[in-house]
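An overview of the molecular structure
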Amino acid sequence: MNDIISFGVIVAFITYVRLFTSPLSQIAQAMTSLQSTGAASERVFEFLDEQEMSDESSFAKKLETKQVKGNIEFENVVFQYDNNPKPTINNFSAKAKSGQKIAIVGPTGAGKTTLVNLLMKFYDINSGDIKIDGVSIKELTRENIHDLFTMVLQDTWLFDGTIRENIVYNNENVTEEKLEQICKTVGLDHFIKTLPHGLDTDISDNDTVSAGQKQLLTIARGMTQDTPFLILDEATSNVDTRTEELVQKAMDKLTEGKTSFIIAHRLSTIKNADLILVVNDGNIIEQGNHDELMEKQGFYAELYNSQFEL
Ligand SMILES: Nc1ncnc2c1ncn2[C@@H]1O[C@H](COP(=O)(O)OP(=O)(O)OP(=O)(O)O)[C@@H](O)[C@H]1O
Ligand SMILES: [Mg+2]
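Given the structure is predicted, the values throughout are model-derived calculations rather than measurements.

**Focus: the coordination of the magnesium ion (ligand 2)**
- Here the magnesium ion (ligand 2) is held by Thr 113 (OG1) and Gln 154 (OE1), and the distances to it run 1.9 to 2.4 Å. Of this pair, Thr 113 sits in helix H2 (residues 112–119) while Gln 154 sits in the loop between strand S6 (149–152) and helix H4 (163–168); the two residues are 41 residues apart in sequence, bridging distant segments of the chain.

The following block contains the structure:
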């Protein structure tokens, strides 16, 4: 305005500044791209470096879901994680008869989840054997074993999709009535009614579901399957005690005639188990039913009583 610098000079100045800074910012952008490439390739190579799972195509034995009686036997099982200096399971032996409800209790880190992982053949045992109806799991394919079990695990998982898809999962023959029935038994019906689209509400955003509701959804998913074995690893740990009791009752009805393994820290939920295995440091230190173990005044009795001392 004061005619000190002409308009043309200002335009030229700004253009030159742009010309100078744009390659600089391009370099900076290239650097960020390189960094994300680095981080991503690390993950890709980690995946490629994973050990191949052992080939099982030659295994001829197969247990049919419908014909399995439901006996499981652990024989002197020893197991050590590759990156762990000492064995997690030492010489574990136990027998589960068809239709029994087996509870596994013990302190945190005792090896309860590890036992389940071994039973499902997620890891191969170092020595000893696990037999399903007398057939060693070493002679069965992973796929076959997974078909025999329903699992509700400690860490819940939901995938992107609607509530219906999350419950029905890969199970084709779930009728609408059965689905409603299941939601009612696990106490999800109220939660579903409050959602805008009911069962068809999208829950891709995991934050919209509470931890307890997540557990109930995974339990409902487990209930749609019809398998001879059932594994519940802390399946109701995030659910309030009243709902837990309701789910427990429904479960008991559902598990009639099935062999079930139940891991729980709240010992009141496993009081009625046929056999309670008390595990510590990878060994069974006590076994029996609730009354027998309470009479013994041992580790279990101490664990049980500690829940009421405050
Ligand atoms: N993938 C793994 N690699 C190495 N060590 C592991 C692995 N998973 C578990 N462990 C170790 O094995 C031991 C038993 O773990 P596990 O998960 O079986 O305990 P848990 O009895 O299920 O405990 P919680 O009651 O907390 O669920 C722990 O000391 C743990 O550090
Ligand atoms: Mg565990």
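**Regarding the sheet that holds strand S5 (residues 135–136)**
- With respect to topology, four strands assemble into an open sheet ordered S2-S1-S4-S5, the strand pairing being antiparallel. For this open sheet the edge positions go to strand S2 (89–96) and S5, each flanked by a neighbour on one side alone.
- Where strand S1 (residues 72–79) and S2 come together, five bridges link them in antiparallel fashion. By the bridge assignment for S2, Val 77 is matched with Phe 92.
- Docked against the sheet, H2 engages S1, S2 and strand S4 (127–132), running at close to 115° with respect to S1.

**A word on the nonpolar core**
- Of all hydrophobic cores here, the largest spans 41 residues; its most connected members are Ile 163, Leu 188, Leu 217, Ile 219, Ile 270, Ile 276 and Tyr 300.
- When residues in this core are grouped by element, the largest group, five residues, is from helix H7 (residues 211–223).
- The next biggest cluster of nonpolar side chains, apart from the first, holds 35 residues, and it includes Phe 92, Leu 119, Met 120 and Ile 263.

**Things to note about the sheet that holds strand S8 (residues 259–263)**
- Strand order across the open sheet formed by six strands is S6-S7-S8-S3-S9-S10, with mixed pairing between neighbours. On the outer flanks of this sheet lie S6 and strand S10 (283–288), each paired with one strand and no other. Within this sheet the neighbouring strands show an average axis-to-axis angle of 15°, counted without direction.
- Examined bridge by bridge, S6 and strand S7 (residues 229–233) share four bridges and lie parallel to one another. The residue of S7 that forms the bridge with Phe 149 is Phe 229.

**Some remarks on the environment of Thr 227**
- Mapped onto the secondary structure, Thr 227 falls in the loop between H7 and S7.
- Residue classification places Thr 227 among the buried positions, given a relative accessible area of 8%.
- For Thr 227 and Thr 150, which are 77 residues apart along the polypeptide, the C-alpha to C-alpha distance reads 6.3 Å.
- Those residues in contact with Thr 227, other than ones at most four positions away along the chain, are Thr 65, Asp 147, Leu 148, Phe 149, Thr 150 and Lys 258.
- A distance of 2.5 Å separates polar atoms of two side chains, one belonging to Thr 227 and the other to Thr 150.

**Notes on the confidence of the model for the protein chain**
- In this model, the protein chain carries a mean pLDDT of 87, and residues with pLDDT of at least 70 account for 99%.
- Mean pLDDT across the secondary structure elements of the protein chain bottoms out at helix H8 (residues 241–254), with 78, and peaks at helix H1 (residues 7–49), with 95.

**Quick notes on the domain arrangement of the protein chain**
- Domain annotation of the protein chain identifies domain 1 (1–50) and domain 2 (72–306).
- Put simply, the middle of domain 1 and the middle of domain 2, counted by C-alpha atoms, are 54 Å apart.

**Quick look at H7**
- For H7, which comprises 13 residues, the first-to-last C-alpha distance of 19 Å matches the rise-based estimate of 18 Å (1.5 Å per residue) to within 8%.
- Taking burial as the measure, the 13 residues of H7 include 10 buried ones, the bulk of the element.
- For H7, the full list of buried residues reads Gly 212, Gln 215, Leu 216, Leu 217, Thr 218, Ile 219, Ala 220, Arg 221, Gly 222 and Met 223.
- Buried residues along H7 sit against S6, H4, helix H5 (176–185) and H8.

**Thoughts on the side chain of Asp 233**
- Summarising the element assignment, Asp 233 is placed in strand S7.
- Here Asp 233 is buried and forms no salt bridge, its nearest opposite-charge partner Lys 112 lying at an N-O distance of 6.8 Å.
- Reaching out from Asp 233, the side chain makes a polar contact with the side chain of Thr 113 at a distance of 2.9 Å.
- Sequence-distant contacts of Asp 233, that is, excluding residues within four places in its chain, are made with Thr 113, Val 152, Leu 153, Gln 154 and Ile 263.

**With respect to the site of ligand 1**
- Around ligand 1, the structure places 14 residues, and the nearest of them are Lys 112, Thr 113, Thr 114, Gln 154 and His 265.
- At 3.5 Å from a nitrogen atom of ligand 1 is found a side-chain nitrogen or oxygen belonging to Tyr 81.
- One of the side-chain N or O atoms of Asn 83 is found 3.2 Å from a nitrogen atom in ligand 1.
- Protein chains bury 66% of the 650 Å² of accessible surface belonging to ligand 1 in isolation.

**Description of the packing of aromatic side chains**
- Overall, the coordinates contain 10 aromatic pairs when judged by the stated rule.
- Ring centres of Phe 79 and Tyr 123 lie 5.6 Å apart, and the angle between their planes is 55°; on these two criteria the pair is classed as tilted. In this pair, Phe 79 sits in strand S1 while Tyr 123 sits in the loop between H2 and S4, placing the two residues 44 residues apart along the sequence.
- Here the aromatic rings of Phe 149 and Phe 229 are separated by 4.8 Å at their centres, their planes lie at 20°, and the arrangement is stacked. Taken together, the residues span a long stretch of sequence, with Phe 149 in strand S6 and Phe 229 in strand S7 at a distance of 80 residues. Phe 229 carries the same exposure label as Phe 149, and that label is buried.
- Counting every residue linked through ring pairs, the aromatic cluster contains Phe 79, Tyr 81 and Tyr 123.
- Between the NZ or CZ atom of Arg 221 and the centre of the ring of Trp 157, over which it lies, the distance is 4.0 Å.
- The ring centre of Tyr 169 lies 5.5 Å from the NZ or CZ of Arg 221, which sits over that ring.

Cut-offs used in this document
Residues numbered from 1 in each chain as written. Chains lettered and ligands numbered in written order. Predicted model: local features only at pLDDT ≥ 70, side-chain atom pairs only at ≥ 80, totals over all residues. Heavy atoms only, no water. Donors = N, O, S within 2.8 Å, 3.2 Å for Na, K, Ca; no water. Helix = DSSP H or I, 4+ residues; strand = E, 2+ residues; numbered from the N terminus. Pairing = 2+ DSSP bridges. Contact = heavy atoms within 4.5 Å. Axes fitted to C-alpha atoms, helices over the stretch in contact; angles between N-to-C directions. Core = buried A, V, L, I, M, F, W, Y, C linked by side-chain atoms within 4.5 Å. Buried < 20%, exposed > 50% of the residue type's maximum accessible area, 1.4 Å probe, protein only. Polar contact = N/O pair within 3.5 Å; in protein donor to acceptor, adjacent residues only side chain to side chain. pLDDT = per-residue confidence, 0-100. Domains from an automatic or database assignment. Expected span 1.5 Å × (residues − 1). Lys, Arg positive; Asp, Glu negative; His and termini not counted. Salt bridge = Lys/Arg side-chain N within 4 Å of Asp/Glu carboxyl O. Near = heavy atom within 4 Å. Areas by Shrake-Rupley, 256 points an atom, 1.4 Å probe, with all protein chains shown as cover. Phe/Tyr/Trp six-rings, centres within 6.5 Å; stacked < 30°, edge-to-face > 60°. Lys NZ or Arg CZ within 6 Å of the ring centre and 35° of its normal.

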